[in-house]
Amino acid sequence: MTDGVKAIDCMYYVATRAFIDRWNRAKEGELICRMERAIGGLPAYDSIEEMIRQMDEAGVERVFIAQCKMWSYWRKWMYMDTQLEEVLQYTQRYPDRFVGLAGYNPYRITESLREIEIAVKQYGFKGVYVHIYGFDIPLHDRKMYPLYAKCVELDVPVSLQVGHVLEAMPSDCGRPIYLDRVACDFPELKIVGAHTGWPWVEELISVCYKWENVWLGIDAWMPKYLAPAIVQFINSRLGQDRCLWGTNGLPWKENLRQLDELGLRPEVKRKLLRENALKLFKLEETPSSASLAQGAA
């Protein structure tokens, strides 16, 4: 399915049954994400070992676990409040299979920055993930600038959901064009525009075209539904080095099967599924993957 490429999923959540049960209770009375409804809810595994077994079956080597912080726009509370320890249960037990992304709360800037520094320096997290919408501020808001400065200082990427949001939150907070201003002010900051930026796909492609420090994530979409402009960008000379694969909890096997049907060139698919993530997040090759890479070359 992946032609021997060990895929790296750059966007996932804590998926223990206890965490997902808590999330399902927290969102009662909220607008339920259409994607979650379509797949019967976010995946929940009885054990991390069971999750790894399914990763192996699909050909997925590593998964990024985000310390996601989601603020309810309707009820004004942190209804997804992932704790650092909940990510560490993955990254500390299986460091070759899971990668940590720290969270950020723009309403608690000082303590968030302190925790991010601990996550990166002490526990080896490789970046930060932000779900901006419920906070009702745009990506270039002044509350975000301390985070961007901290990511530059720590030399880690920041991944930001861009495009529309399927919860009851204003989508315009995540317009991809806002990343242009961020890149103007932080030219050394490595930025991932996650979730494709739809319906403002062209905005995200434009920012990626202009800035060498901006990447496009295709997570949260099954490949057959990707906008044609995204597929064209992935396959282009510029885009092939600036796109990242992820699922956001969508089924790995089917996602990768559909990816095969996009007609991507083999070298482009390797970059999308693996090589771009290795370079951007400075991940080390595992011995088995290094051997496979040498064989493919």
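This structure is a prediction, so every number in the text was calculated from the model and none was measured.

Caption draft 1: Expanded view of the pairing of strand E5 (residues 98-102). For E5, the tally of buried residues reaches 5 of 5 residues, placing the bulk of the element in the interior. Neither face of E5 is exposed, since Phe98, Gly100 and Ala102 on one face and Val99 and Leu101 on the opposite face are all buried. Where strand E2 (residues 60-66) lies against E5, 4 bridges are found, and the strand directions are parallel. If you follow alanine 66 over to E5, its bridge partner there is leucine 101. As paired elements, E5 and strand E6 (residues 127-130) share 2 bridges and run parallel to each other. Opposite alanine 102, over in E6, you have valine 128 as the bridge partner. The β-α-β motif built from E5, the intervening helix H5 (residues 109-121) and the parallel element E6 has right-handed crossover chirality.

Caption draft 2: Up close: the nonpolar core. Core analysis: the largest hydrophobic core is formed by 111 residues, its most contacted members being Met51, Leu147, Tyr148, Val158, Trp245 and Trp252. Non-local contacts of tryptophan 245, meaning those with residues more than four positions away in its chain, are made with Ala7, Ile8, Asp9, Cys10, Val60, Ile218, Trp252, Asn255, Leu256, Leu259, Leu272 and Leu273.

Caption draft 3: Broad picture of the packing of helix H3 (residues 48-58) against helix H10 (residues 252-260). In the contact formed by H3 and H10, the axes pass within 9 Å of each other and the chain directions differ by 20°. Relative to H10, the element H3 is oriented roughly parallel. The element H3 and its partner H10 pack so that their crossing is right-handed. Between H3 and H10, the contacting residues are Met51, Gln54, Met55, Glu57 and Ala58 on the first element and Trp252, Lys253 and Leu256 on the second. A class-by-class count of the residues in the contact of H3 with H10 yields 5 nonpolar, 1 polar and 2 charged.

Caption draft 4: Looking closely at the side chain of lysine 271. Within the secondary structure layout, lysine 271 lies in helix H11 (residues 266-280). On the basis of relative accessible area, lysine 271 is assigned to the buried category, the value being 17%. When neighbours within four sequence positions are excluded, lysine 271 is seen to be in contact with Gln240, Asp241, Cys243 and Asn276.

Caption draft 5: Local environment of the packing of aromatic side chains. All chains considered together, the criterion is met by 13 aromatic pairs. Measuring from centroid to centroid gives 5.8 Å for tyrosine 148 and phenylalanine 186, while their planes differ by 70°, and the two rings are edge-to-face. Highlighted residues: tyrosine 148 in helix H6 (residues 145-154) and phenylalanine 186 in the loop between helix H7 (178-185) and strand E8 (191-194), separated in sequence by 38 residues. When sorted by exposure, tyrosine 148 lands in the same class as phenylalanine 186, which is buried. Of the aromatic side chains, those joined through ring pairs into one cluster are Tyr12, Tyr45 and Trp252. Here the guanidinium or amino end of lysine 76 rests over the ring plane of tyrosine 73, the centre of that ring lying 4.4 Å away. Against the face of tryptophan 215 rests arginine 242, its NZ or CZ located 5.9 Å from the ring centre.

Caption draft 6: Summary view of the sheet that holds E6. On the basis of which strands lie adjacent, the open sheet formed by 8 strands has the order E1-E2-E5-E6-E7-E8-E9-E10 and parallel pairing. Looking along the sheet, the strands with just one partner apiece sit at the ends: strand E1 (7-13) and strand E10 (243-244). Strand direction decides the pairing type here: strand E7 (residues 158-161) and E8, joined by 4 bridges, are parallel. Across the sheet, the residue bridging to serine 159 is valine 192, located in E8. Its contacts with the sheet put H6 on E6 and E7, and the angle it makes with E7 is roughly 145°.

Parameters at a glance
- Residues numbered from 1 in each chain as written.
- Predicted model: local features only at pLDDT ≥ 70, side-chain atom pairs only at ≥ 80, totals over all residues.
- Heavy atoms only, no water.
- Buried < 20%, exposed > 50% of the residue type's maximum accessible area, 1.4 Å probe, protein only.
- Helix = DSSP H or I, 4+ residues; strand = E, 2+ residues; numbered from the N terminus.
- Pairing = 2+ DSSP bridges.
- Right-handed = clockwise from strand over helix to strand, strands pointing away.
- Core = buried A, V, L, I, M, F, W, Y, C linked by side-chain atoms within 4.5 Å.
- Contact = heavy atoms within 4.5 Å.
- Axes fitted to C-alpha atoms, helices over the stretch in contact; angles between N-to-C directions.
- Parallel < 35°, antiparallel > 145°, perpendicular 65-115°, else oblique.
- Left-handed = near helix turned anticlockwise from the far one by under 90°.
- Nonpolar A, V, L, I, M, F, W, Y, C, P; charged D, E, K, R; others polar.
- Phe/Tyr/Trp six-rings, centres within 6.5 Å; stacked < 30°, edge-to-face > 60°.
- Lys NZ or Arg CZ within 6 Å of the ring centre and 35° of its normal.

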